[in-house]
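Read off the chains here:
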Amino acid sequence: MARVVPETDAREPLSAGTTAATRSAYRVSVTETTHQQSPAAPRGDGAGTRSPEYQAARSALRGLRQDLFHDPFAYRPLPPRRTDGPFVRRLPARPRSAAQHLPHAVVGALALIALAAGALSSGLPGGDVAALLIGLLCALPVCTTLVRPVGAFWLSLAVTPVVALIKSGDADWPWMPGAFVCHLAVLVVVALRTRPRTAVWMWVLTAAYAFLSDVFFGGSYYYTNSGPMTVTSAFALLAVSLWHVRRTAQQEVTAQQTVTAHERSRRTALEERTTIARELHDVVAHHMSVVAIQAEAAPYRVENPPPELERAFATIRENAVAALTELRRILGVVRAEDYEAPDAPQPTLADLDALLVNVQGAGLQVEKVVTGAVRELPQGVELSAYRIVQEALSNSLRHAPGAGARVEIGYVLGGLGVRVVNGPAPRPSLVKPARHPATTPEGGLRPPPPTGAGHGITGMRERVTMLGGEMTAGPTDDGGYEVAVFLPVAMANEGDA
């Protein structure tokens, strides 16, 4: 990749045709990520370019080495069968559990067939040690496919001439009956456990072994079964390869259908959110606008209104306008994917004093206490802490009017602590609170029940959980209510580690 370096960093000589102005303005050095680029090889000696045939042959040999020669005896146990198929899942519990080992049972049955074919075709049953040895040699590669599939193929090729040497005579060549069954079973099982390219290479090596054995060692035999083995194994491996292709296609179609269903569900949810946002904006924005207009016009309807009343209506109007602006911003994000949020910054703990002044103007006496070394925190932590304090003070205004509140912000090692506590509402209360199950007899705030209309405590918990923090909320001994939150903040050295 090319990078521009200053004049002092350049070490290569300049060409004679480069002017001084150009040399002083642009100096480019070429840096290779792994090694320096070497000059291109000459094309005349055959090392510079390769023909497509050569590239194809080289790729094929690379695939052969990767499939059959790279760690062929690696331990790869046969996994159990899935039980969520359309037929197996209808079975009772015990048969369905036993169906997991159906592939292992099939391989075991093929090993027994190879054992019987090798033993019975080599002498009298039970009376010939050589026949039993041939049977065991034929069954061994089939059993090996359960744990080392590629190694089982090479073991089957090695067992074939050994069985032929043990049973010398005018029998089939190069595959004795037991070896024929063994090698064919190994080809099918290994092809099922690997991929179509491996099946092609196994068939090529099988055909090559058959050809060489017929040419160099098949002169004393009257009959050779290389043709039947080659044709039978070709059809068997072709069927297995077609099964692989069909299975891969089904998996791709299923994955595509899953993605399509997810996108359709996402689009439907977006349309529903857009509809809800439109209706919510039409209802809430209208009423908030009416509140702001009435709050602005109310002082002019009273002759000589007291200053306290004017300030109260001004505060109401400011809160209504701020809520309307925030509502439009949030609903704009919900309404359209291409909505561009305004550049106005999100509130942080630095804006907490303005919030407390606003709350005090509404009649709630708030005391703020900050402990620890004040420092800048991540934006998500500051925003969540601000919203938690805002919601807690709103609940105090709503459920404990006239009571005092205390906001404690603690900058501690590894996080931020926030505690908002309000005392019991005085009696008689200046404002009659709304009586519902979320209010204590003393006027304090209780967490809303799961079926209630309030979502303040729930929203706080969601914010805290999202940041991996902890939160406790509950009544105090004096009849008030307390919300305590801890938001973890990673230290600088932790992030670097």
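Higher on the page you've got the structure.
All of these numbers come straight from a predicted model, not from anything done at the bench. (Residues numbered from 1 in each chain as written. Predicted model: local features only at pLDDT ≥ 70, side-chain atom pairs only at ≥ 80, totals over all residues. Heavy atoms only, no water.)

K.L.:
Is there a simple way to explain the overall build of the chain in this structure?
P.N.:
Along the chain, the regular secondary structure elements total 14 helices and 7 strands. A sequence separation of at least 24 residues applies to 68% of the contacts in the chain between residues at least 6 apart. As presented, the chain carries roughly 31000 Å² of accessible surface, and 61% of it is formed by carbon and sulfur atoms. (Helix = DSSP H or I, 4+ residues; strand = E, 2+ residues; numbered from the N terminus. Contact = heavy atoms within 4.5 Å. Areas by Shrake-Rupley, 256 points an atom, 1.4 Å probe, with all protein chains shown as cover.)

K.L.:
Help me out: how do you make sense of the pairing of strand β6 (residues 470-475) in this one?
P.N.:
The two faces of the sheet receive side chains in turn, since in a regular strand these alternate between them. One ladder, built from 6 bridges, connects β6 with strand β7 (residues 481-488); its direction is antiparallel. Its bridge partner lying in β7, M471 is registered against V485. Between β6 and β7, which pair antiparallel one after the other, the connecting turn spans 5 residues, and G479 there sits at a positive phi close to 95°. (Pairing = 2+ DSSP bridges.)

K.L.:
What's the story with a nonpolar patch on the surface in this structure? I'm lost.
P.N.:
Side chains of F211, L212, V215, F216 and F217 sit close together on the surface and give an oily, nonpolar patch of about 580 Å² of accessible area. Mapping F216 onto the fold places it in helix α8 (residues 196-216). (Patch = residues over 30% accessible without salt bridge, like charges linked within 9 Å, V, L, I, M, F, W, Y side chains within 5 Å. Salt bridge = Lys/Arg side-chain N within 4 Å of Asp/Glu carboxyl O.)

K.L.:
Sorry, what's going on with the sheet that holds strand β3 (residues 366-371) here?
P.N.:
Backbone-to-backbone hydrogen bonds pair the strands of a sheet. The strands run either parallel or antiparallel. Strand order in the open sheet formed by 5 strands is β3-β4-β5-β7-β6, and the pairing between neighbours is mixed. Only two strands of the sheet have a single neighbouring strand rather than two, namely β3 and β6. In this sheet, adjacent strand axes meet at a mean angle of 10° when their direction is disregarded. Pairing geometry for β3 and strand β4 (residues 405-412), over 6 bridges, is parallel. Bridge pairing in β4 places T371 opposite G410. Against the sheet, helix α11 (residues 352-361) makes contact with β3 and β4, and its axis sits at roughly 160° relative to β3, the strand it touches most. Along the sheet, helix α12 (residues 379-399) makes contact with β3, β4, β5 (415-422) and β7, crossing β5 at roughly 5°. (Axes fitted to C-alpha atoms, helices over the stretch in contact; angles between N-to-C directions.)

K.L.:
Whenever I open this one, the packing of α11 against α12 confuses me. Can you help?
P.N.:
Any two packed helices are characterised by the angle at which their axes cross and by the distance between the axes. At a minimum axis distance of 11 Å, the contact between α11 and α12 shows a crossing angle of 10°. Classified by the angle their axes make, α11 and α12 are roughly parallel. Counted together, L352, L355, L356 and V359 of α11 and Y386, V389, Q390, L393 and L397 of α12 form the full contact between these two elements. Here the contact of α11 with α12 is built from residues that sort into 8 nonpolar, 1 polar and no charged. (Parallel < 35°, antiparallel > 145°, perpendicular 65-115°, else oblique. Nonpolar A, V, L, I, M, F, W, Y, C, P; charged D, E, K, R; others polar.)

K.L.:
How should I be thinking about the packing of aromatic side chains in this particular structure?
P.N.:
Aromatic ring pairs are defined here through the distance separating the ring centres and the angle between the ring planes. One pass over the structure, following the stated rule, counts 3 aromatic pairs. Arranged with centres 5.5 Å apart and planes meeting at 70°, the rings of W175 and Y209 form a pair that is edge-to-face. Of this pair, W175 sits in the loop between α6 (149-166) and α7 (177-193) while Y209 sits in helix α8, and the two are 34 residues apart along the sequence. Exposure remark for W175: the relative accessible area of 0% places this residue in the buried category. One aromatic cluster is present, formed by F69, F153 and W154 through successive ring pairs. Above the face of the Y54 ring, R50 is positioned so that its terminal group lies 4.8 Å from the ring centre. (Phe/Tyr/Trp six-rings, centres within 6.5 Å; stacked < 30°, edge-to-face > 60°. Buried < 20%, exposed > 50% of the residue type's maximum accessible area, 1.4 Å probe, protein only. Lys NZ or Arg CZ within 6 Å of the ring centre and 35° of its normal.)

K.L.:
Explanation requested: the layout of surface pockets in the structure shown.
P.N.:
Space left empty within the atom packing is revealed by a probe, the size of a water molecule, rolled over the atoms. Approximately 1000 Å³ is the volume attributed to the second largest pocket. Around the second largest pocket, the lining is made up of 24 residues, and of these R81, R82, P103, W243 and R247 lie nearest the centre. Counting only elements with at least two residues in the lining of the second largest pocket, the list comes to α4 (102-120), α7 and α9 (226-297). Among the elements that line the lining of the second largest pocket, the one with the most residues is α4, at 5 residues. (1 Å grid on protein atoms, 1.4 Å probe; cavity = no way out; pocket = protein on both sides within 12 Å on 5 of 7 lines; lining within 4 Å. Points joined across faces, edges and corners; volume = space filled by probe spheres on them.)

K.L.:
What should I look at first to understand the pattern of salt bridges in this one?
P.N.:
Note on pairing: side chains with opposite charge can pair once their charged atoms come close. Across all of its chains, the model carries 7 salt bridges by this definition. The partner of D67 in a salt bridge is R197, and the shortest N-O contact between them spans 2.7 Å. Pair noted here: D67 is in helix α2 (residues 52-69) and R197 is in helix α8, with a separation of 130 residues, a long-range link. Assessed through its relative accessible area of 8%, D67 is described here as buried. Note that R419 is salt-bridged to E482, the shortest N-O span being 2.5 Å. In this pair, R419 is assigned in strand β5 and E482 in strand β7, connecting sequence segments 63 residues apart. Here R419 falls in the partly exposed class, since its relative accessible area comes to 26%.

Function-wise, these values are silent; they only describe arrangement.
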